[in-house]
Amino acid sequence: MSRMARTRTSGRGPRGSSTLLAVPGGIWMLVFFIVPILVVVWYSFGQKPGLYGTHDNSVLSLDRYGEALSGAFLLTFANTLQIAVIGTLICVLIAVPFSYWLAVKVTPKWRYVVLALVLVPYWTNFLIRTLGWQILLAPEGPVTVLLRQLGLVDAAFSMLYTKGAVQLGVVYNYLPLMILPIFVAMERLTPALREASKDLGAGRWGTFRQVTLPLAAPGIVGGVVLVFIPLMGDYITAQVLGGAKGNMVGQMIAGQFQQGQNWALGSAMSVTLILITLLSVVLVGAVGIVCGAILRARRRLPIERTAAAATAARTGTEVPA
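Residues numbered from 1 in each chain as written. Predicted model: local features only at pLDDT ≥ 70, side-chain atom pairs only at ≥ 80, totals over all residues. Heavy atoms only, no water.

Under an unreviewed UniProt entry, the name given to the protein is ABC transporter permease, and the organism recorded is Agromyces mediolanus. Within the UniProt record for the protein, the comment given under Subcellular location (unreviewed entry) is "Cell membrane". According to the UniProt record, the Sequence similarities (unreviewed entry) comment for the protein reads "Belongs to the binding-protein-dependent transport system permease family. CysTW subfamily." (UniProt positions renumbered as here; feature names shortened; annotations may be inferred.)

Novice: Whenever I open this one, the overall build of the protein confuses me. Can you help?
Specialist: A tally of helices and strands in the protein yields 14 helices and zero strands. Each helix and strand of the protein, placed in order from N terminus to C terminus, yields the pattern α-α-α-α-α-α-α-α-α-α-α-α-α-α. Looking at the protein as a whole, 33% of its 321 residues qualify as buried. The contacts of the protein with a sequence gap of at least 6 include a subset with a gap of at least 24, amounting to 67%. Accessible area of the protein: about 19,600 Å², with a carbon and sulfur share of 71%. (Helix = DSSP H or I, 4+ residues; strand = E, 2+ residues; numbered from the N terminus. Buried < 20%, exposed > 50% of the residue type's maximum accessible area, 1.4 Å probe, protein only. Contact = heavy atoms within 4.5 Å. Areas by Shrake-Rupley, 256 points an atom, 1.4 Å probe, with all protein chains shown as cover.)

Novice: What am I meant to see in the environment of Leu 137 here?
Specialist: With respect to the helices and strands, Leu 137 occurs in the loop between α6 (126-136) and α7 (142-149). Each C-alpha atom of the pair Leu 137 and Ser 158 lies 7.4 Å from the other, and the pair is 21 residues apart in sequence. Leave out the neighbours within four places in its chain, and Leu 137 touches Val 143, Thr 144, Met 159, Leu 160, Ala 165 and Leu 168.

Novice: When you look at the pattern of salt bridges in this model, what are you seeing that I'm missing?
Specialist: Close approach of charged atoms allows side chains with opposite charge to pair. Scanning the entire structure with this criterion turns up three salt bridges. The closest approach of N and O atoms between Glu 67 and Arg 64, which form a salt bridge, is 2.9 Å. Note that Glu 67 and Arg 64 are positioned in helix α3 (residues 63-68) at a spacing of three residues, about one turn of the helix. Arg 64 gets classed as buried once you look at its relative accessible area, which sits at 10%. (Salt bridge = Lys/Arg side-chain N within 4 Å of Asp/Glu carboxyl O.)

Novice: Would you explain the UniProt feature "transmembrane region" (unreviewed entry) in the protein in this entry?
Specialist: Following the UniProt record, one finds the feature "transmembrane region" (unreviewed entry) at residues 20-45, 83-103, 110-128, 171-190, 211-232 and 273-295. Between the first and last C-alpha atoms of residues 20-45 the distance is 37 Å; the span itself is 96% helix and 0% strand.

Novice: Teacher, can you tell me more about unusual backbone geometry here?
Specialist: Peptide bonds are mostly trans, and most non-glycine residues show a negative phi. Of note, Tyr 161 is a non-glycine position whose phi angle comes to about 60°, a positive value. Topologically, Tyr 161 is positioned in the loop between α7 and α8 (163-187). Residue Tyr 161 is classed as partly exposed on the basis of its relative accessible area, which comes to 40%. At Gln 261, a position not held by glycine, the phi torsion is positive, near 55°. One can find Gln 261 in the loop between α13 (249-258) and α14 (263-315).

This is the structure we're talking about:
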């Protein structure tokens, strides 16, 4: 038997080794992700047994989902979706030019120093970072005092415990998750592509729009997913900075588990939030695929015409109309 055949038989070849390397990650996903979700789904079919009970699955029903889809939940979900969409768009608008500047304009000597300055605050505890904004946005905090001194707001103005404070907080908390994948995507782009685009007559904006941005699209999509999904379930930012005016679904779900002690209803709300979030991501992804196909089709025609013109110039023939 040959060495390759013995390797395949023993299962210790490259495929067997890669499978073994995936086992710890699979166990981690099973124990800390799949099993907790299955437990939440199981609780969602139960009910609250009494004043001091948390859940009872002796009788299974879908009644909790009917309660979860009440008017209050849907209104709060609409508010959460608005905050998540606006926050994700703001993160994209900030992260794309910043990542381009960091990957292209900053010298390699200082590039990762600047990246570290972006990531180090993110490694600080999430609650501590949010409490820091609570201090800054307080009625007598530095931000409010500065706005009053500049005459932009009156003495009664307070940004804390408003929807705007929540919006500011989520952008600050999740912006590094948007910057990192976009920076990685842009850093991998070879300078030769941009130089070739400029040699063909495209300006800086044309090169960025037609070369850099399309090639960095996978990083932008990854950043959108990394920001949008956890932002939909965020409740700490809403609890600390929003109060009653910045209520989000995560805050409502946490209230069912902690104050209401109604684990069945809280689980039904959680499952509903997961399903609607996944549906939103799928719809956005489908729209992105369709728009990308349309843009590629529109971009292919000028490229084909340019190639035909170059061929005609070399051969001395006329370009077909």
